[in-house]
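# Chains, contacts and geometry: an overview
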Amino acid sequence: MRFDILTLFPAIFDGYLGQSLLKKGIDAGLISVQLHDIRRWSRDKHHKVDDRPFGGGPGMILQVEPVVECVEAVQQLAQPQGLQPGHLVMLSPRGRTLNQKIVEELAAKPRLLVLCGRYEGFDERVFDILQPDEISIGDYVLNGGEVAAMAVIDAVIRLIPGVLGDEESSQHDSFSRSNSSSGNRLLEFPQYSRPREFRGHEVPEVLISGNHEQIARWRREQSYLSTRKRRADLLDDSKHISKDEKD
Ligand code: 6GU
């Protein structure tokens, strides 16, 4: 899968790209990531890409020309390599809120262009012209789309076949479609490792019993109880989801 990240601050991604799963995926040839500095498409000799809003008001607006021209150049740059123009995601607090279903949808694309905003926002014509898939990571305000872009990429790469080893498979993740036979989306069950006792807190006996049937039943119950305690809204949601999926 190919990612193109379009940002005013490419350096923010350096640490993330050089670490852990993403680096493993890149080294294995399963993922490629290219960073593009929007400032290179500035028409200004000082590389300015923002300006004051017409009509007045605080803050600066990302200008339409550098953003549109940067996206178009990145789309075209791919053609000699036989790549598709790619699905354009724009990180924006007004977008649809990210969830696992959207992550699955994005993971099915061969190429994502990830456009990160800053300042007070984009000139509205960026949306009119590019018609991006606007995505938010929640109802709060970040200083820019970069951290949100990393959240999207991090969630998407877990679903690319081969990126996670068999042992760390994403199949059992909370929220994943396949984590329960009934189609409900439940939180994960609690896990324990050595030691068997710490400060009087013991590992549940059933996990040491060696009875795999009992262990599986206990884990299903615990998943349900954990979800009911922490995220009862998921239980309501999953009723709708399983009804929809039957239809
Ligand atoms: Cl994608 N961008 C910004 N600036 N703030 C956010 C966000 C994105 N998602 C939640 N808050």
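First, a word on scope: everything that follows refers to the structure included in this document.

Thresholds applied
Residues numbered from 1 in each chain as written. Predicted model: local features only at pLDDT ≥ 70, side-chain atom pairs only at ≥ 80, totals over all residues. Heavy atoms only, no water. Salt bridge = Lys/Arg side-chain N within 4 Å of Asp/Glu carboxyl O. Helix = DSSP H or I, 4+ residues; strand = E, 2+ residues; numbered from the N terminus. Buried < 20%, exposed > 50% of the residue type's maximum accessible area, 1.4 Å probe, protein only. Expected span 1.5 Å × (residues − 1). Near = heavy atom within 4 Å. Polar contact = N/O pair within 3.5 Å; in protein donor to acceptor, adjacent residues only side chain to side chain. Areas by Shrake-Rupley, 256 points an atom, 1.4 Å probe, with all protein chains shown as cover. Pairing = 2+ DSSP bridges. Axes fitted to C-alpha atoms, helices over the stretch in contact; angles between N-to-C directions. Contact = heavy atoms within 4.5 Å.

## Observations concerning the pattern of salt bridges
Counted according to the given criterion, the structure contains 11 salt bridges. For Asp-4, the salt bridge is made with Arg-111, and the minimal N-O distance between the two is 2.7 Å. Remark: Arg-111 occurs in strand E6 (residues 111–116) and Asp-4 occurs in strand E1 (residues 2–7); sequence separation between them is 107 residues. Between Glu-65 and Arg-43 there is a salt bridge, and its shortest N-O distance comes to 3.8 Å. Taken together, the residues span a long stretch of sequence, with Glu-65 in helix H3 (residues 64–77) and Arg-43 in the loop between strand E2 (32–37) and strand E3 (50–51) at a distance of 22 residues. Judged by relative accessible area, Glu-65 falls into the partly exposed class, the value being 31%. Arg-43 sits in the exposed class, given a relative accessible area of 59%.

## A word on helix H6 (residues 146–157)
Under the 1.5 Å per step criterion, the end-to-end length of H6 is 16 Å for 12 residues, consistent within 8% with the ideal 16 Å. Among the 12 residues of H6, 9 are classified as buried, and the element is accordingly described as predominantly covered. Restricting attention to buried positions, one finds in H6 the residues Glu-146, Ala-148, Ala-149, Met-150, Val-152, Ile-153, Ala-155, Val-156 and Ile-157.

## Let's talk about the site of the ligand
Looking at the ligand, the residues that line it are Leu-91, Ser-92, Pro-93, Ile-135, Ser-136, Ile-137, Gly-138, Tyr-140, Leu-142, Gly-144 and Ala-148. In the environment of the ligand, a nitrogen atom lies 3.3 Å from a nitrogen or oxygen atom belonging to the side chain of Ser-136. Between Ile-137 and the ligand, the recorded distance is 2.9 Å, taken from a backbone N or O atom to a nitrogen atom. Burial of the ligand by the surrounding chains reaches 95%, relative to a free accessible area of 290 Å². Every element with two or more residues in the shell around the ligand is listed here: strand E5 (87–97) and strand E7 (133–136). Sort the elements by how many residues they give to the shell around the ligand and E5 lands first, with 3 residues.

## Examining the pairing of E7
Burial along E7 is two-sided: the residues Asp-133 and Ile-135 and Glu-134 and Ser-136 are all buried. Bridge count between E5 and E7: 5 bridges; the pairing is parallel. Bridging across to E7, Val-89 finds its partner in Asp-133.

## Observations regarding the sheet that holds E2
Taking strand neighbours across the sheet as the criterion, the 5 strands line up as E2-E1-E6-E5-E7 in an open arrangement whose pairing is parallel. Across the chains shown, the open sheet's two edge strands, defined by having one partner strand only, are E2 and E7. The mean inter-strand angle of the sheet, taken between neighbouring strand axes irrespective of direction, is 30°. The pairing of E5 with E6 spans 5 bridges and is parallel. Along E6, the bridge assignment pairs His-87 with Leu-112. Its contacts with the sheet place H3 against E1, E2, E5 and E6, and it is angled at close to 160° to E6. Against the sheet, helix H4 (residues 100–107) touches E5, E6 and E7, its axis set at about 170° to E5.

## Quick look at unusual backbone geometry
Across the junction of Arg-194 and Pro-195, the peptide omega takes the value 5°, indicating a cis bond. The topology assignment puts Pro-195 in the loop between H6 and strand E8 (197–198). Here the phi dihedral of Gln-131 falls at roughly 45°; this positive angle occurs in a residue that is not glycine. With respect to the element layout, Gln-131 can be found in the loop between helix H5 (125–130) and E7. Residue Gln-131 is classed as exposed on the basis of its relative accessible area of 64%. Backbone geometry places Arg-199, a non-glycine residue, at a positive phi of 50°. Residue placement: Arg-199 occurs in the loop between E8 and strand E9 (201–202). The class for Arg-199 is exposed, based on a relative accessible area of 71%.

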